[in-house]
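Architecture at a glance
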Amino acid sequence: MRLIHLSDLHLGKKLHEASLLSDQRHILMQILAAIDHEQPDAVLIAGDIYDQSVPSADAVALLDDFLTRLAKRGQTVVIISGNHDSAERLAFGCRLFSAQHIYISPAFDRDHAEIRPVILRDAYGEVCLWPVPFLKPVHVRAALPEEKAATYTDALAAVIGTLPINPAQRNVLLCHQFVTGAQRSDSEDVSVGGLDNVDASVFAPFDYVALGHLHRAQPVGRETVRYCGTPLKYSFAEAADEKSITVVDLADKGSVTVRTLPLLPQHELRRLRGTYADLVLRKNYEHTAVTDYLYITLTDEDDVPDALSKLQSIYPNLLRLDYDNARTSRNQLLALTEAPERRKPLDLLADFYALQNNRPLNEQQRAYALALMEKLWEGRA
């Protein structure tokens, strides 16, 4: 039994306000070519299909095209929702899609608390694919009133406990959670204090666990509990990462092999560093991929007037520009040493926003945040 494991497509995502739809279309066509070559029995997509719970029309059209191409190939597809998806919107038409062997898990609630497997068969018998959408403890307490799940581990363990798993058969879980010990990337949502952690011990009944949520491909605990990672780089912190497709082969019970196939993006993400004079010198850029998505750090001591637009005439996909010099070093040191209680709340919010989004608050956002703070302080909100 051969499975292809994908996750975190984040269709419709923007990188520093630049649309990635063309890049996503390019990588989906590459994935289709890999599917044609590998001839899997099923394609598993472990959540975060869209980047927003209310996706753009273009993002919906892109998913529609991808699934239509898979359906024309007669390909079995199993999809779960992630924390970025609206489970209800994603599952629209799921009963119709199942006639084409495209199975989309519904939202986990009181009406859909019974998770049914997609069952495939090969020479070794049945393989049960268990699709468990992104869960929070509150979802589980609402759907299973007898459960008092207080943590994410409790919640997932409770749901897995309801599954009629036959341990003599091969069982595969699709799951979209943060597993303790896995390495995060700054392009993911982060829960304060790690409250969303799930202990890997809950996956003991499964021969393979197809994880989504984290953007770096990696096993957790054992080789067969695995994040496949995003098909594209969604943060400059991932610039050195290698993106791939995960291929899983199951033979008889207990025999699982995992390998990866590299993916080549339409545009790479790269970081450049140097003086303005060096970066605009023709011999330094004329044989490089100037259309890559770039983050440039200038080391000039003095700011270069209109540096961004000037550099974009050479590097059209320059998305972020900053400086690293004596002045910025002093400012960073001041920010680190200044006591938070002495700083203005708006400045603290601006620092947090910049850290999470790799860009500063714009004037409209600052004005909105300031107005909201004033309402809160005056007790009118």
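Below is a short write-up of the structure.

Rules of the game
Residues numbered from 1 in each chain as written. Predicted model: local features only at pLDDT ≥ 70, side-chain atom pairs only at ≥ 80, totals over all residues. Heavy atoms only, no water. Helix = DSSP H or I, 4+ residues; strand = E, 2+ residues; numbered from the N terminus. Polar contact = N/O pair within 3.5 Å; in protein donor to acceptor, adjacent residues only side chain to side chain. Contact = heavy atoms within 4.5 Å. Pairing = 2+ DSSP bridges. Axes fitted to C-alpha atoms, helices over the stretch in contact; angles between N-to-C directions. Core = buried A, V, L, I, M, F, W, Y, C linked by side-chain atoms within 4.5 Å. Buried < 20%, exposed > 50% of the residue type's maximum accessible area, 1.4 Å probe, protein only. Salt bridge = Lys/Arg side-chain N within 4 Å of Asp/Glu carboxyl O. Expected span 1.5 Å × (residues − 1). Patch = residues over 30% accessible without salt bridge, like charges linked within 9 Å, V, L, I, M, F, W, Y side chains within 5 Å. Areas by Shrake-Rupley, 256 points an atom, 1.4 Å probe, with all protein chains shown as cover. Arc of directions from axis to C-beta.

Topic: the side chain of Asn-325
Mapped onto the secondary structure, Asn-325 falls in the loop between β19 (318–323) and α10 (326–337). At a separation of 2.7 Å, a polar atom in the side chain of Asn-325 contacts the main-chain carbonyl oxygen of Asp-300. Discounting residues that sit within four places of it in the chain, Asn-325 has contacts with Thr-299, Asp-300 and Glu-301.

Details of the sheet that holds strand β15 (residues 244–250)
Read from one edge of the open sheet, 6 strands run β6-β5-β4-β1-β15-β16, paired in mixed fashion. What marks the edges here is a single partner per strand, and that holds for β6 (102–104) and β16 (256–262). Between one strand axis and the next, the sheet turns through 20° on average, direction left out of account. Where strand β5 (residues 77–80) meets β6, 3 bridges bridge the pair, whose relative direction is parallel. The residue bridging Ile-79 from the neighbouring strand is Ile-104, located in β6. Against the sheet, helix α2 (residues 57–72) engages β4 (42–46), β5 and β6, with an angle of about 150° to β5.

Side note on the sheet that holds strand β13 (residues 218–220)
Here we have 6 strands laid out as an open sheet, ordered β7-β8-β9-β12-β14-β13, and mixed in their pairing. Two strands close off the open sheet at either side, each with one partner strand: β7 (118–122) and β13. On average, adjacent strands in this sheet sit at an angle of 30° to one another, irrespective of strand direction.

Some details on the nonpolar core
Of all hydrophobic cores here, the largest spans 40 residues; its most connected members are Leu-11, Ile-31, Ile-45, Val-77, Ile-79 and Ile-245. Elements represented by at least two residues in this core include exactly β1 (2–6), α1 (21–38), β4, α2, β5, β6, β15 and β18 (293–298). Looking at this core element by element, the count peaks at 7 residues for α1. Every residue in contact with Ile-31, bar those within four places of it in the chain, is listed here: Leu-6, Phe-66, Pro-231, Ile-245 and Leu-263.

Quick notes on the pattern of salt bridges
Inspection of every chain in the model, using the stated rule, returns 18 salt bridges. In this structure, Arg-2 and Glu-38 form a salt bridge, with 3.1 Å as the shortest nitrogen-oxygen distance. On the criterion of sequence distance, the pair formed by Arg-2 in strand β1 and Glu-38 in helix α1 is long-range, its members being 36 residues apart. Between Arg-226 and Glu-223 there is a salt bridge, and its shortest N-O distance comes to 3.7 Å. On the basis of relative accessible area, Arg-226 is assigned to the buried category, the value being 8%. A network of salt bridges, in which partner residues are shared, links Arg-2, Glu-38, Asp-249 and Arg-259.

Regarding the side chain of Asp-207
Relative to the helices and strands, Asp-207 is located in the loop between β11 (197–198) and β12 (208–212). Judged by its relative accessible area of 11%, Asp-207 falls in the buried class. A distance of 2.9 Å separates a polar atom in the side chain of Asp-207 from a polar atom in the side chain of Lys-253.

Brief notes about α1
Given a rise of 1.5 Å per residue, 18 residues ought to cover 26 Å, and the 25 Å separating the end C-alpha atoms of α1 matches this to within 8%. Listing the buried residues of α1 in full gives Leu-21, Asp-23, Gln-24, Ile-27, Leu-28, Ile-31, Leu-32, Ala-34, Ile-35 and Glu-38. In the segment just after α1, Gln-39 is the residue with positive phi, at about 50°.

Description of unusual backbone geometry
Backbone geometry at His-101 places phi at a positive 65°, although glycine is not the residue there. Secondary-structure assignment places His-101 in the loop between α4 (94–97) and β6. One non-glycine residue, His-213, adopts positive backbone phi at about 125°. If you trace the backbone, His-213 turns up in the loop between β12 and β13. On the basis of relative accessible area, His-213 is assigned to the buried category, the value being 4%.

Describing a nonpolar patch on the surface
Side chains of Tyr-368, Leu-372, Leu-376 and Trp-377 sit close together on the surface and give an oily, nonpolar patch of about 500 Å² of accessible area. Among the secondary structure elements, Leu-372 is positioned in helix α12 (residues 363–377).

Re the environment of Phe-134
Examined against the element boundaries, Phe-134 turns out to sit in the loop between β8 (125–131) and α5 (137–143). We classify Phe-134 as buried; its relative accessible area is 17%. Distance in space between the C-alpha atoms of Phe-134 and Leu-156 is 9.4 Å, their sequence separation being 22 residues. Beyond its immediate stretch of four places on either side in the chain, Phe-134 contacts Ser-81, Gly-82, Asn-83, His-139, Tyr-152, His-176 and Gln-177.

Some words on the pairing of β16
For β15 and β16, the ladder comprises 7 bridges, and the chain directions are antiparallel. Bridge pairing in β16 places Thr-246 opposite Thr-260. Between the antiparallel neighbours β15 and β16 lie 5 residues, among them Gly-254 with a positive phi of about 90°.

Considering α2
With 16 residues, α2 should reach 22 Å at 1.5 Å per residue; the first-to-last C-alpha distance of 22 Å fits that figure. When we look at burial in α2, the residues that qualify are Ala-59, Leu-62, Leu-63, Phe-66, Leu-67 and Leu-70. Summarising the axial view, the buried residues of α2 lie within an arc of 125°, below the 170-degree limit, and thus occupy one face. Across α2 from its buried face, at more than 90 degrees, point the exposed residues Ala-57 and Lys-72.

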